[in-house]
Amino acid sequence: SSSSAAAAAAAPTAAPTPETVDGEFVVTVSDPAMQGDGVGAYVTYRVTTQTDLPQYASTHSTVIRRYRDFEWLANRLSRTNMGIIIPPLPRKSHVQHVGSKVAAATGSSSQNTPVHERTFIEQRRAALQKFLTRVVSHPVLAYSRDLQLFLEATEEDWKAAVARTPSTPTPGAASTGGGGLQGTLRSLETFFNGVETAATAVMKDVARGGSPASNVDSQDENDDPEYVRLRQYVMQLDHALAEAERQMGRMLRRQSRQADQLAELAASFRALCGMEGGPDYQVDEVTADAQAEAAPVAARCLLLASRRCLELSQDTRTQTSQLADAVQPTMSEWLRAVASLKSVMEDRSALVRRMKGTDALIARLRVSVSKLQATPGKEGRAAEEDFRLQEAITLSAQLRGDHEALAARMAEEVARFQKSRTEELAMTMRSLAAGEARLASDTARAWRQIEQGIAGVAAAG
């Protein structure tokens, strides 16, 4: 979300939100299709909406959107819904990766795309589906006008709307003027920004197991202590999730390497089989199978081991790939969700900085007005300063109201965030445990079969 002070000041007062969306709202992302070729190629998706919400022109609509359109929507939701944790999109770098690989495809349709490309595109479609499902299930985001535009605008209307509606803050949006009250506030905010940078660095060090320096003062020192603890928890959570994702990736890569090593072991067993008088499979596989029946015991044992190792290699590779597809996207999404939560916290921090800057300005203006009123001939200047003082007092009251509303909304959002993450964590850990248990069981069974088969061959002579 935007961290600009102006955006913080303009944040609407948030009333407690309902827990669910009042009405039917189902969105489906389907039919990914490659458009164009070469490095400029991209993927489009069919987005179908079924809803009975009264603001929509129709109960059923279908539009075609691409990744950057989803990105526009996410940025707009973030910009216009301060305090709300926006569901994360899949990483943009993946889209660029797809575009660079499309040049090797034989055509523009998904049917002509290589298998690994089709798999990736399907994973991307599923991630975009999850993003929209989370958005339309949110009791506030579901009623967003930007969401409605995304879901039902025609291609022409959509392009026109995107062109006139920026999805990110424009340069200089952090202020509404170059001097006067706003200019003074910007100078004060710069100071508090520096304090925040130092405090954030300390909190990151704490997340890694360090200890906070006693001479560093957080910009949230006067904020809710529970919120300060939340900030520390989020820093630690971010670090722990990143480490868990890294270790999980290492484990899956090790299992993938094991599959490769099993295939190499199978090849070496087959080579030994030939050296022990076994059949030559480079000539004719059918003839070689027939010759294997009369091969020496050692050759038949090696041949059996070779076949079973090759089967185990293929099974290990398949199961590892399935496990990665089931677990890694969720871990990656968690990290992006935490980043979204940190963005919301930055909104609150920006508001705190502006509040502190305004309070400091009020203190300065009070002193200035008092001095000017006591100086003969400075009545006009005193009146000007007093006008600025009243402006600052009004702004301070507004900011405190915005901060109270933002804090209340954040409490709801964090509770919703923690509930959903807890449920997904349990599901993901179960998937990981079940997948690893299945692979371990299949591996053990395969080696037992090799052992029993070799014993049988040796016994038969």
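Since we're looking at a predicted model, the values are computed, not measured.

The rules we used
All chains use their own residue numbering, which begins from 1 and follows the written sequence. For this predicted model, a pLDDT threshold of at least 70 governs which residues receive local features, and a threshold of 80 or more governs which side-chain atom pairs are given and counted, while totals over whole chains, interfaces and linings are taken from all residues. Water and hydrogen atoms were dropped before computing side-chain values, which therefore reflect all heavy atoms in the structure. Each helix corresponds to a stretch of at least 4 residues labelled H or I by DSSP, and each strand to a stretch of at least 2 residues labelled E; elements are numbered beginning at the N terminus. Residue burial is assigned from relative accessible area. The probe radius is 1.4 Å, only protein chains are included, and a residue is buried under 20% of its type maximum, exposed over 50%, and partly exposed in between. Note on definitions: a residue-residue contact is assigned when non-hydrogen atoms from the two residues lie within 4.5 Å. In the analysis that follows, any N or O atom pair within 3.5 Å is treated as a polar contact, provided that within protein one partner can donate a hydrogen and the other can accept it, and provided that, for residues neighboring in sequence, both atoms belong to side chains. Pairs of strands are assigned from DSSP output, requiring at least two bridges between the strands. For helices, the axis comes from a line fit to the C-alpha atoms of the stretch in contact; other axes are also lines fit to C-alpha atoms, and the angle between any two N-to-C directions lies between 0 and 180 degrees. We call two directions roughly parallel when the angle between them is under 35 degrees, roughly antiparallel when it is over 145, roughly perpendicular when it lies between 65 and 115, and oblique otherwise. Whether a crossing is left-handed or right-handed is set by the direction in which the near helix is turned from the far one by less than a right angle, anticlockwise for left-handed and clockwise for right-handed. What makes a salt bridge here is a side-chain nitrogen of Lys or Arg within 4 Å of a carboxyl oxygen of Asp or Glu, nothing more. Residues belong to one nonpolar core when they are buried, are Ala, Val, Leu, Ile, Met, Phe, Trp, Tyr or Cys, and are joined through side-chain atoms within 4.5 Å. Any Phe, Tyr or Trp ring, taking Trp's six-membered ring, that has another such ring centre within 6.5 Å forms a pair; planes under 30 degrees apart are called stacked, those over 60 apart edge-to-face, and the others tilted. Lysine NZ or arginine CZ positioned within 6 Å of the ring centre and within 35 degrees of the ring normal marks a charge as sitting over the ring. Confidence scores per residue from the predictor, reported as pLDDT, run from 0 to 100. Note on residue categories: nonpolar means Ala, Val, Leu, Ile, Met, Phe, Trp, Tyr, Cys or Pro, charged means Asp, Glu, Lys or Arg, and polar means any other residue, Gly included.

A. Seen up close, the overall build of the chain. Scanning the chain from N- to C-terminus turns up eleven helices and three strands. Taken from N to C terminus, the helices and strands of the chain fall in the order α-β-β-β-α-α-α-α-α-α-α-α-α-α. Looking at the 461 residues of the chain, the share that counts as buried comes to 43%. Counting only contacts in the chain whose residues sit at least 6 apart along the sequence, the fraction spanning at least 24 positions is 76%.

B. Focus on helix 5 (residues 145-152). When helix 5 is considered as a whole, its buried residues turn out to be D146, L147, Q148, F150 and L151. Sitting at the head of helix 5, S144 places a side-chain oxygen 3.1 Å from the backbone nitrogen of D146.

C. Local environment of the pairing of strand 3 (residues 60-66). Only one face of strand 3 is buried: it carries S61, V63 and R65, and the other face, with H60, T62, I64 and R66, is open. Two strands pair when backbone bridges link them, and strand 2 (residues 42-51) and strand 3 are joined in this way by seven bridges, in the antiparallel orientation. Counterpart to R46 in the pairing with strand 3 is I64.

D. Seen up close, the packing of helix 8 (residues 225-275) against helix 11 (residues 379-460). Put simply, helix 8 and helix 11 touch, their axes get as near as 14 Å, and they point 20 degrees apart. Judged on the interaxial angle alone, helix 11 and helix 8 are roughly parallel. Every pair of crossing elements has a handedness; the one defined by helix 8 and helix 11 is left-handed. When helix 8 is examined against helix 11, the residues Y227, L230, Y233, M248, M251, L252, Q255, L262 and L265 are found in contact with a partner set consisting of M410, V414, Q418, M429, L432, E436, L439 and W447.

E. Quick peek at the pattern of salt bridges. Counted according to the given criterion, the structure contains 20 salt bridges. Note that E155 and R65 form a salt bridge whose closest N and O atoms lie 3.9 Å from each other. Of this pair, E155 sits in helix 6 (residues 155-164) while R65 sits in strand 3, and the two are 90 residues apart along the sequence. Judged by its relative accessible area of 41%, E155 is partly exposed.

F. The arrangement of the sheet that holds strand 2 in detail. With antiparallel pairing, three strands are arranged side by side in an open sheet as 1-2-3. In this open sheet, the two edge strands, each paired with only one partner strand, are strand 1 (25-35) and strand 3. Across the sheet, the mean angle from the axis of one strand to that of its neighbour is 20 degrees, orientation sign disregarded. Taken strand by strand, helix 5 contacts strand 1, strand 2 and strand 3, and its axis lies near 90 degrees from that of strand 3.

G. Looking closely at the nonpolar core. Core analysis: the largest hydrophobic core is formed by 33 residues, its most contacted members being F25, F70, L132 and L147. For this core, the secondary structure elements donating two or more residues are strand 1, strand 2, helix 2 (67-80), helix 4 (115-137) and helix 5. With 29 residues, the next largest nonpolar core counts L230, V338, M345 and M355 among its residues.

H. Layout of the side chain of S144. One can find S144 in the loop between helix 4 and helix 5. Separated by 3.1 Å, the side chain of S144 and the backbone nitrogen of D146 make a polar contact. Looking at S144, its side chain comes within polar contact range of the main-chain nitrogen of L147, at 3.3 Å.

I. The arrangement of the packing of aromatic side chains in detail. Taken as a whole and judged by the stated rule, the model has five aromatic pairs. Ring centres of Y45 and F70 lie 6.2 Å apart, and the angle between their planes is 90 degrees; on these two criteria the pair is classed as edge-to-face. Placement of Y45 in strand 2 and of F70 in helix 2 is noted, with a sequence separation of 25 residues between them. The residues Y45 and F70 share a single accessibility class, namely buried. Where F70 meets F150, the ring centres are 5.0 Å apart and the plane angle is 65 degrees; that geometry is what we call edge-to-face. With F70 in helix 2 and F150 in helix 5, this residue pair connects regions lying 80 residues apart in the sequence. There is no split in this pair, since F70 and F150 are both buried. Three or more aromatic residues link up through ring pairs in this structure, and these residues are Y45, F70, W72, F150 and W158. Lying across the ring of W158, R65 places its NZ or CZ 4.4 Å from the centre.

J. The environment of I121, seen in detail. Tracing the sequence through the fold places I121 in helix 4. Other than its neighbours up to four places away in sequence, I121 contacts P32, M34, V43 and Y45.

K. Representation of the confidence of the model for the chain. Looking at the chain, the pLDDT average stands at 80 and 75% of residues meet or exceed 70. Predicted confidence is poor over residues 94-112, with pLDDT under 50, and the contacts of this stretch with residues over four places away or in other chains come to 26 contacts.

L. Inspection of the packing of helix 8 against helix 10 (residues 297-373) at higher detail. Closest axis-to-axis distance for the helix 8/helix 10 pair is 8 Å, and the angle between their directions is 165 degrees. The orientation of helix 8 relative to helix 10 falls into the category roughly antiparallel. By crossing handedness, the relation of helix 8 to helix 10 is classed as left-handed. Residue composition of the contact of helix 8 with helix 10, grouped by class: 33 nonpolar, ten polar and nine charged.

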